[in-house]
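Chain by chain, the residues:
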Amino acid sequence: MEIRTPRLALRPVTMADLASTYAYAGNLENTRFMMFLPDADEAETALHLAEAEKQWRMDAPERYEFAICLGERHIGGVTLYMQEDRAEAELGWVLHRDYWRCGYVTEAANAVIDFARAMGIRRIFACCDSENVASYRTMLKLGMHLCKDDGVRTNRSMGDAQRVEWTCEVIYRDSNE
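S.K.: I'd like to hear about the layout of surface pockets, residue by residue, with values.
M.R.: Estimates place the volume of the largest pocket at around 1,300 Å³. Every element with two or more residues in the lining of the largest pocket is listed here: helix 1 (18-25), helix 2 (42-57), strand 3 (63-70), strand 4 (73-82), strand 5 (88-95), helix 3 (104-118), strand 6 (123-129) and helix 4 (133-141). Looking at side-chain class alone, the lining of the largest pocket contains 22 nonpolar, 11 polar and 13 charged residues.

Below, the structure written as structure tokens:
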């Protein structure tokens, strides 16, 4: 399966993407606002990729994890996390910092939203740290609106497992309701 946009190709992420995924998923600056990143090492990234491949082989995956490719170069990922009723899904993304501010995430996310609609998903939402201006601006570009700004979250990149820092989480929802 592959989704094409004017500049990008979106395809299922695979173990062949290990080095390119770790290049962004293991980078502290790149994952500053992420809940479950950075990955500690390539072995942790490999576990994640193995699970993503397994999900793609299922009849009803819990998530659809796409590699964002610019030409042949893997530059990031966009994921659709299915909710239990499969009528709603969460959208998430991460992009290598060398490709920030080029509109690639918006382009890729719009394509995955179209993919979701074709599967019958009626509601899509996305969450981010309230300080992650780039992510919530992307959500606005996707036509989403702020629906909640008082959630709390911990970001793995803010400290080791022994130190927990709480931040504010914002949730944006599509206007398709």
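S.K.: Can you tell me about the nonpolar core, naming the residues and giving the values?
M.R.: Taken as a class, soluble globular proteins show a tendency for nonpolar side chains to be buried jointly. If you look at the biggest cluster of nonpolar residues, it comprises 34 residues, and the most contacted ones within it are F66, L80, L91 and W93. Only strand 3, strand 4, strand 5, helix 3, strand 6 and strand 8 (166-173) provide two or more residues apiece to this core. Ignoring any residue separated from it by four or fewer positions in sequence, one finds F66 in contact with M1, I3, L10, R11, P12, V13, W56, G76, G77, V78, V112 and F115. One finds A9, L49, A52 and A67 within the second-largest nonpolar core, a separate group that totals 6 residues.

S.K.: Any chance you could break down helix 3 for me, citing the residues and the numbers?
M.R.: Between its first and last C-alpha atoms helix 3 spans 21 Å; for 15 residues at 1.5 Å apiece the expected length is 21 Å, and the two agree. Where burial is concerned, most of helix 3 is hidden: 11 out of the 15 residues are buried. Buried within helix 3 we find Y104, V105, T106, E107, A108, A109, A111, V112, I113, F115 and A116. Just past helix 3, the residue G120 takes up positive phi, approximately 95 degrees.

S.K.: Outline unusual backbone geometry, supporting the account with residue identities and numerical values.
M.R.: Positive phi outside glycine occurs at R86, with the angle close to 60 degrees. Positive phi, close to 65 degrees, is recorded for R101, a residue that is not glycine. Along the chain, R101 turns up in the loop between strand 5 and helix 3. The class for R101 is exposed, based on a relative accessible area of 79%.

S.K.: Quick rundown of the packing of aromatic side chains? Include the residues and the values.
M.R.: In this structure the tally under the stated criterion is 6 aromatic pairs. A ring pair is formed by W56 and F66, whose centres lie 5.1 Å apart and whose planes are at 80 degrees; its orientation type is edge-to-face. Of this pair, W56 sits in helix 2 while F66 sits in strand 3, and the two are 10 residues apart along the sequence. By relative accessible area, W56 is classed as buried at 19%. One aromatic cluster is present, built from ring pairs that chain together W56, Y64, F66 and F115.

S.K.: Tell me what's going on with the packing of helix 1 against helix 2, and back it up with residues and numbers.
M.R.: A pair of packed helices is captured by two measures, namely the crossing angle of their axes and the spacing between those axes. Where helix 1 meets helix 2, the axes come as close as 9 Å, and the angle between the chain directions of the two elements is 115 degrees. As judged from the angle between their axes, helix 1 and helix 2 are roughly perpendicular. Classified by chirality, the crossing of helix 2 by helix 1 is right-handed. Facing helix 1, whose interface residues are L18, A19, T21 and Y22, helix 2 presents E42, T45, A46 and L49. Across the contact of helix 1 with helix 2, the residue classes tally to 5 nonpolar, 2 polar and 1 charged.

S.K.: If you had to explain the environment of Y81 to someone new, which residues and values would you point to?
M.R.: Mapped onto the elements of the fold, Y81 is located in strand 4. For the pair Y81 and I124, spaced 43 residues apart in sequence, the C-alpha to C-alpha distance is 9.5 Å. Discounting chain neighbours no more than four positions away, the residues touching Y81 are E62, R63, E88, A89, E90 and G92.

S.K.: Residues and numbers for empty space enclosed by the protein, please.
M.R.: Scanning the model with the defined rule gives 1 cavity of 30 Å³ or more in all. The calculated volume of the largest cavity comes to roughly 30 Å³. Lining of the largest cavity is provided by V13, T21, Y24, L49, E65, F66, A67, H74, G76 and G77. Among the elements of the structure, helix 1, strand 3 and strand 4 are those that each provide at least two residues to the lining of the largest cavity. Taken together, the residues of the lining of the largest cavity break down into 5 nonpolar, 4 polar and 1 charged.

Here is what the cut-offs are and how they apply
Residues numbered from 1 in each chain as written. Predicted model: local features only at pLDDT ≥ 70, side-chain atom pairs only at ≥ 80, totals over all residues. Heavy atoms only, no water. 1 Å grid on protein atoms, 1.4 Å probe; cavity = no way out; pocket = protein on both sides within 12 Å on 5 of 7 lines; lining within 4 Å. Points joined across faces, edges and corners; volume = space filled by probe spheres on them. Helix = DSSP H or I, 4+ residues; strand = E, 2+ residues; numbered from the N terminus. Nonpolar A, V, L, I, M, F, W, Y, C, P; charged D, E, K, R; others polar. Core = buried A, V, L, I, M, F, W, Y, C linked by side-chain atoms within 4.5 Å. Buried < 20%, exposed > 50% of the residue type's maximum accessible area, 1.4 Å probe, protein only. Contact = heavy atoms within 4.5 Å. Expected span 1.5 Å × (residues − 1). Phe/Tyr/Trp six-rings, centres within 6.5 Å; stacked < 30°, edge-to-face > 60°. Axes fitted to C-alpha atoms, helices over the stretch in contact; angles between N-to-C directions. Parallel < 35°, antiparallel > 145°, perpendicular 65-115°, else oblique. Left-handed = near helix turned anticlockwise from the far one by under 90°.

By themselves, these observations are geometric and do not establish any function.
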